[in-house]
Amino acid sequence: MIKHYITKYRNEKGERKAVAWTQINIFGRAFCFNEREINI
């Protein structure tokens, strides 16, 4: 199964960030790729 995820958070310095990635679940394992992080 292929899924796309996005999450927003605030780091230790108080900066707001957004991270997006694609995840493939196969044979009981998760493989993540195309991870991208931006400041918002």
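The written sequence of each chain sets the order in which its residues are numbered from 1. Where local features are concerned, this predicted model is filtered to residues with pLDDT of at least 70; where side-chain atom pairs are given and counted, the filter is 80 or more; whole-chain, interface and lining totals use all residues. Hydrogens and waters are ignored; side-chain quantities use all the structure's heavy atoms.

Visitor: Honestly, the side chain of Lys-17 in this entry has me stumped. Any pointers?
Guide: The helix and strand labels rest on DSSP assignments: H or I over at least four residues marks a helix, E over at least two residues marks a strand, and numbering proceeds from the N terminus. On the secondary structure map, Lys-17 appears in strand β2 (residues 16-26). Exposure classes here rest on a 1.4 Å probe applied to the protein chains alone. A residue is buried below 20% of its type maximum, exposed above 50%, and partly exposed in between. On the basis of relative accessible area, Lys-17 is assigned to the buried category, the value being 13%. A polar contact is formed between the side chain of Lys-17 and the side chain of Glu-37, at a distance of 3.5 Å. Beyond its immediate chain neighbours, meaning those up to four positions away, Lys-17 contacts Thr-7, Lys-8, Tyr-9, Asn-11, Glu-37, Ile-38, Asn-39 and Ile-40. Throughout this description, a polar contact denotes any pair of N or O atoms lying within 3.5 Å of each other; where both atoms belong to protein, one of them has to be capable of donating a hydrogen while the other can accept it, and for residues adjacent in sequence the pair is counted only when both atoms sit in side chains. Here, two residues are considered to be in contact whenever any of their heavy atoms come within 4.5 Å of each other.

Visitor: Help me understand the sheet that holds β2, please; the structure alone is not making it clear to me.
Guide: Sheet strands pair by backbone hydrogen bonding; their relative direction is either parallel or antiparallel. Two strands qualify as a pair provided that DSSP identifies no fewer than 2 bridges between them. Spatially, the 3 strands line up as an open sheet ordered β1-β2-β3, and their pairing is antiparallel. This sheet does not close on itself; its edge strands, each paired only once, are β1 (2-10) and β3 (29-39). In this sheet, neighbouring strand axes are inclined to one another by 20 degrees on average, regardless of whether the strands run parallel or antiparallel. Inspection of the sheet shows β2 paired to β3 by 9 bridges, in the antiparallel sense. From the neighbouring strand, Ala-20 faces β3, where its bridge partner is Arg-36. An axis is simply a line fitted to the C-alpha atoms; with a helix, the fit covers only the stretch in contact. Between two such axes, the angle follows the N-to-C directions and lies from 0 to 180 degrees.

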